[in-house]
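The primary structure of each chain is shown beneath.
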Amino acid sequence: MSLFKKDKEILDIPLWMISPNPDQPRKFMDAEKIRSLADSINENGLINPITLKRLDKNQYFIICGERRYLAFKLLGRESIPAIIKDPDDIKLSSLALVENTQRADLSFLEEANAIKDFLSEHNISQSECARLLGISQASVANKLRILRLPSEVLKLLSQSGLTERHARALLTIEKSPNLVKIAKRASEEGMTVRQLEKLCLNESSKKTNKPTIIIKDLRAFTSSIDNAVKLMKRCGCNVTSSSREYENDIVYTIVIPKTSCRPNAI
């Protein structure tokens, strides 16, 4: 099924009539890459027209091709070849996301955030999102899981150029108190995925040496209390004791009068 009602011919649209897509998944445009693209267009011409949606007679916004649009502006061109299409809002958003993903214009974190926003904005399921984007539901779920990592770790991943596979390795120790420390080390040392996976495996296999008390038989404890009370009585203390059992507790009360304790032969 086509995303669009009808494909139209390629038109030259003045740049002043065009606005960037407010829902552009790509949040960062590399100025050096835009300059390189501009040089290529200047040398070889534009291979593919950009795709626009008409808002009114003299206003359009970009569905696909913002980098090409920016390159034309950098070259000082007055217009750009474009195809005018009219998708509905949800198909417009999915098309922009697919276009950026297929061209490898998005980092894996930008892609994960774009999918999260896409789900939230259109209130659709992960399976429907996967269908619209042409990927598996498992892939959608895996990309969203990455966003569970702490913001400090996500920042390290973004700044250091680590990959989605690095992020998945860190997810295996997301509850570890050493998560940030390990992410910093991976970033600083430029670890391969395999090196990080090995480090995370070692971290997750660590055993805590917390002392544990195993109560095998509650009667052993209550008997010890009773024996202690009996011993105090034999020693001449007018001690009294009582106990009361509740659903989750047994409460013992032991009263030892200060004036009644006297030595007594055993």
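Being a predicted model, the structure only gives us computed values, none of them experimental.

1. Topic: the pattern of salt bridges
Inspection of the entire model under this criterion finds 8 salt bridges. The salt bridge involving E164 is made with K143; its shortest N-O contact spans 3.3 Å. Of the two residues, E164 sits in helix α8 (residues 164-171) while K143 sits in helix α6 (residues 137-145), which places them 21 residues apart along the sequence. One exposure class covers both E164 and K143, and it is buried. Here E164 ties to R168 by a salt bridge, and the two come within 2.9 Å at their closest N and O atoms. On the criterion of helical spacing, the pair formed by E164 and R168 is a turn pair, its members being 4 residues apart in helix α8.

2. Here we look at the sheet that holds strand β4 (residues 59-64)
Spatial strand order, β1-β5-β3-β4-β2: 5 strands in an open sheet with mixed pairing. On the outer flanks of this sheet lie β1 (10-14) and β2 (18-19), each paired with one strand and no other. Strand direction decides the pairing type here: β2 and β4, joined by 2 bridges, are parallel. Note that in β4 the partner of I18 across the bridge is Y60. Against the sheet, helix α2 (residues 66-74) makes contact with β2, β3 (50-56), β4 and β5 (79-85), and its axis sits at roughly 155° relative to β5, the strand it touches most.

3. Observations concerning the packing of aromatic side chains
Tallying each qualifying case throughout the model produces 0 aromatic pairs. Geometry around F72 places R77 over its ring, the cationic atom sitting 5.3 Å from the centre.

4. Observations regarding the layout of surface pockets
If a probe the size of a water molecule is rolled over the atoms, the empty space left behind becomes visible. Volume-wise, the second largest pocket comes out at about 260 Å³. Counting only elements with at least two residues in the lining of the second largest pocket, the list comes to α4 (108-122) and α7 (151-160). Class assignment of the residues belonging to the lining of the second largest pocket gives a composition of 6 nonpolar, 4 polar and 2 charged.

5. Some remarks on the pairing of β5
In terms of burial, β5 is a largely internal element, 5 of the 7 residues being buried. As judged from the 5 bridges shared by β1 and β5, these two strands associate in the antiparallel manner. Across the sheet, the residue bridging to I13 is I80, located in β5. Sheet analysis places β3 next to β5, joined by 4 bridges and oriented parallel. The residue bridging L52 from the neighbouring strand is I84, located in β5.

6. What about the packing of α4 against helix α5 (residues 126-133)?
Remark: α4 packs on α5, axes separated minimally by 10 Å, with the N-to-C direction vectors making an angle of 115°. Judged by the twist between their axes, the crossing of α4 over α5 is right-handed. From α4, I115, F118 and L119 reach across to α5, where they touch Q126, C129, L132 and L133. Here the residues of the contact of α4 with α5 are counted per class, giving 6 nonpolar, 1 polar and no charged.

Parameters at a glance
Residues numbered from 1 in each chain as written. Predicted model: local features only at pLDDT ≥ 70, side-chain atom pairs only at ≥ 80, totals over all residues. Heavy atoms only, no water. Salt bridge = Lys/Arg side-chain N within 4 Å of Asp/Glu carboxyl O. Helix = DSSP H or I, 4+ residues; strand = E, 2+ residues; numbered from the N terminus. Buried < 20%, exposed > 50% of the residue type's maximum accessible area, 1.4 Å probe, protein only. Pairing = 2+ DSSP bridges. Contact = heavy atoms within 4.5 Å. Axes fitted to C-alpha atoms, helices over the stretch in contact; angles between N-to-C directions. Phe/Tyr/Trp six-rings, centres within 6.5 Å; stacked < 30°, edge-to-face > 60°. Lys NZ or Arg CZ within 6 Å of the ring centre and 35° of its normal. 1 Å grid on protein atoms, 1.4 Å probe; cavity = no way out; pocket = protein on both sides within 12 Å on 5 of 7 lines; lining within 4 Å. Points joined across faces, edges and corners; volume = space filled by probe spheres on them. Nonpolar A, V, L, I, M, F, W, Y, C, P; charged D, E, K, R; others polar. Left-handed = near helix turned anticlockwise from the far one by under 90°.

As far as function goes, none of this settles anything; it's purely spatial.
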